[in-house]
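# Coordinates in review
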Amino acid sequence: MPHKTAVVTGANSGLGFGISCALAERGYQVIMACRNLQKAADAKQQLLTRVPGANALVIQLDVSDLKSIAAFGEQFKAQVGALDLLINNAGIVAMPFERNSQGHEMQFATNYLGAFALTGTMLPLFRDSGSPRIVNIGSLAHRFGKLVLDDLNWEKEEYNEWQGYARSKVAMLTFTLELDRRLKAAGSPVTALAAHPGFANTNAGNSPSVAPKGPIRRKMQTILTPLIPTADAAARSALLAACGDSVQGGDYYGPRGLFEIGGKPGKAKLNPQCRDEVAAKQLWNISESLSGVAYLS
């Protein structure tokens, strides 16, 4: 029987790398979908050191760029062919305002729209057998965001980097539930669900907005950083969603410790806005228009 194949976006560091190593340990062929090929090659060597004999392949992907997504799909189809698991993990956190080459605000493009387009691109390549899944990575920050359908691309309001991040994750989780509803309606064997890592000691903290300012805050970070879960520990919720036997489409998982910061994975709290089916349909239509990728319509 062939190995199961997983695509992990942003697999070269942090949560994505932790997920990739854990899947390799479970016998998956892991496709490391990364923007920077040198960093990806280094990460692959680290993975092979941790998991000797692992089946890992690097394919370049910039999830913020729609042309890169289309090229990734073609290369995957030619080199690999069939898919069992897609983990939409790649993301950026609270970055200063920027637009990509298609004119989309960068956090919206990277954290949500790229995942929407990649999912549509890869959907025809999923195997019919087994338990094929799409796992989208959420964030605790989505609880403080909102879905602003008439300004998803930050063309009206003054941009706020933390709200930009939170809104991108509200969109991601709204999309996840709508995706699962549409997959079920289409009779697809693929299920869609989501997970968040809680707090994770990853390079997301390198964002200018996340880095502590002033000597007191930097000292506090030095004290608190060792207490924050490692990327491997933070990956457990995503792995439950990806590999758990009792999970169902539309589920959302996260750490079950205090404030869902860390701990054993289980069902996580979801912003009620993400369950708005009318808004989800509108988001889907807008996403198809912005990305040029239409599916399950």
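Predicted model, so just to flag it, every value in this text is computed and none were measured.

### Quick notes on helix H4 (residues 106-122)
The largest bend in H4 is about 40 degrees, located at Leu113. For H4, the capping residue at the N-terminal end is Glu105, with a side-chain oxygen 2.8 Å from the backbone nitrogen of Gln107.

### Things to note about the confidence of the model for the chain
Averaged over all residues, the pLDDT of the chain equals 90, while 88% of them reach at least 70. Predicted confidence is poor over residues 217-227, with pLDDT under 50, and the contacts of this stretch with residues over four places away or in other chains come to five contacts.

### Brief notes about the packing of H4 against helix H5 (residues 161-185)
As a packed pair, H4 and H5 sit with axes 7 Å apart at the nearest point and diverge in direction by 15 degrees. The angle between H4 and H5 falls in the class roughly parallel. For H4 against H5, the interelement crossing comes out right-handed. From H4, Gln107, Phe108, Asn111, Tyr112, Ala115, Phe116 and Thr119 reach across to H5, where they touch Glu161, Gly164, Tyr165, Ser168, Ala171, Met172, Phe175 and Leu179. Its residues assigned to classes, the contact of H4 with H5 comprises nine nonpolar, five polar and one charged.

### Side note on the sheet that holds strand S7 (residues 252-255)
With mixed pairing, the eight strands of this open sheet are ordered in space as S3-S2-S1-S4-S5-S6-S7-S8. Each edge of the sheet is formed by a strand with only one pairing partner; in this case those strands are strand S3 (55-60) and strand S8 (265-267). Neighbouring strand axes in the sheet, compared pairwise and without regard to direction, differ in orientation by 20 degrees on average. Pairing of S7 with S8, which is carried by three bridges, proceeds in the antiparallel orientation. Bridged to Pro255 within S8 is Pro265. On the sheet, helix H2 (residues 37-50) packs against strand S2 (29-34) and S3 and is oriented at approximately 175 degrees with respect to S3. Along the sheet, H5 makes contact with strand S4 (85-88), strand S5 (133-137), strand S6 (191-195) and S7, crossing S6 at roughly 155 degrees.

The rules we used
Residues numbered from 1 in each chain as written. Predicted model: local features only at pLDDT ≥ 70, side-chain atom pairs only at ≥ 80, totals over all residues. Heavy atoms only, no water. Bend = angle between axes of the 7 residues up to and from the residue. Helix = DSSP H or I, 4+ residues; strand = E, 2+ residues; numbered from the N terminus. Polar contact = N/O pair within 3.5 Å; in protein donor to acceptor, adjacent residues only side chain to side chain. pLDDT = per-residue confidence, 0-100. Contact = heavy atoms within 4.5 Å. Axes fitted to C-alpha atoms, helices over the stretch in contact; angles between N-to-C directions. Parallel < 35°, antiparallel > 145°, perpendicular 65-115°, else oblique. Left-handed = near helix turned anticlockwise from the far one by under 90°. Nonpolar A, V, L, I, M, F, W, Y, C, P; charged D, E, K, R; others polar. Pairing = 2+ DSSP bridges.

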